[in-house]
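Now for the letters of each chain:
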Amino acid sequence: MATAKTIYLAVWDHKHGQDVSAHTTENGAFNQCVQWARGTVEEWEARSWQKVDGFAEFSDKELINSWGDITGDTEFFRVEPTQLHGS
């Protein structure tokens, strides 16, 4: 009998759709969300698209938890545990 294994999906909902990445740990999925967020903040700073107001100094958890506020509730990150079934 096959057993299911839990994997964790890093999910970024944004105006262009959704980015998803699969990870073996919850921490790995969270770190992917942080990487996406930090890369976006760096891009905004480099292009002066949006005033960043010190978001680069936020802790990882603060950054992810504040992302809706930062983006005007147009983008969100989440980690979804998902069962991976094998044969």
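Quick caveat: nothing in here was measured; it's all calculated off a predicted structure.

Novice: Quick rundown of the sheet that holds strand β1 (residues 4-14)? Include the residues and the values.
Specialist: The three strands are arranged β2-β1-β3 in an open sheet whose pairing can be described as antiparallel. The two strands at the open ends of the sheet, each matched to only one other strand, are β2 (17-23) and β3 (76-85). Looking at each pair of strands side by side, their axes are set apart by 25 degrees on average, direction ignored. Sheet contacts for helix α1 (residues 26-47): β1, β2 and β3; angle to β1, the most-contacted strand, approximately 15 degrees.

Novice: Please set out the environment of His 23 residue by residue, giving values where relevant.
Specialist: Mapping His 23 onto the fold places it in strand β2. Once you skip the residues sitting within four places of it in the chain, His 23 turns out to touch Ile 7, Tyr 8, Ala 10, Gly 28, Ala 29 and Gln 32. One polar contact links His 23 to Ser 21, side chain to side chain, over a distance of 2.8 Å.

Novice: Requested: an account of α1, with residues and values cited.
Specialist: The first and last C-alpha atoms of α1 sit 32 Å apart over 22 residues, in line with the 32 Å expected at 1.5 Å per residue. Those residues of α1 lying buried are Ala 29, Gln 32, Cys 33, Val 34, Trp 36, Ala 37, Thr 40, Val 41 and Trp 44. Contact partners of the buried residues in α1: β1, β2, α2 (60-70) and β3.

Novice: Now, about the nonpolar core: what can you tell me, with residues and values included?
Specialist: The biggest cluster of nonpolar side chains holds 16 residues, and the ones touching the most others in it are Ala 37, Leu 63, Ile 64, Trp 67, Ile 70 and Phe 77. Tallying contributions element by element places α1 first for this core, with seven residues.

Novice: Outline the packing of aromatic side chains, supporting the account with residue identities and numerical values.
Specialist: Counted by the stated rule, this structure contains four aromatic pairs. Aromatic pair Trp 67 and Phe 77: ring centres 5.3 Å apart, planes at 55 degrees, arrangement tilted. Taken together, the residues span a long stretch of sequence, with Trp 67 in helix α2 and Phe 77 in strand β3 at a distance of ten residues. Residue classification places Phe 77 among the buried residues on the basis of a relative accessible area of 11%.

Cut-offs applied
Residues numbered from 1 in each chain as written. Predicted model: local features only at pLDDT ≥ 70, side-chain atom pairs only at ≥ 80, totals over all residues. Heavy atoms only, no water. Pairing = 2+ DSSP bridges. Helix = DSSP H or I, 4+ residues; strand = E, 2+ residues; numbered from the N terminus. Axes fitted to C-alpha atoms, helices over the stretch in contact; angles between N-to-C directions. Contact = heavy atoms within 4.5 Å. Polar contact = N/O pair within 3.5 Å; in protein donor to acceptor, adjacent residues only side chain to side chain. Expected span 1.5 Å × (residues − 1). Buried < 20%, exposed > 50% of the residue type's maximum accessible area, 1.4 Å probe, protein only. Core = buried A, V, L, I, M, F, W, Y, C linked by side-chain atoms within 4.5 Å. Phe/Tyr/Trp six-rings, centres within 6.5 Å; stacked < 30°, edge-to-face > 60°.

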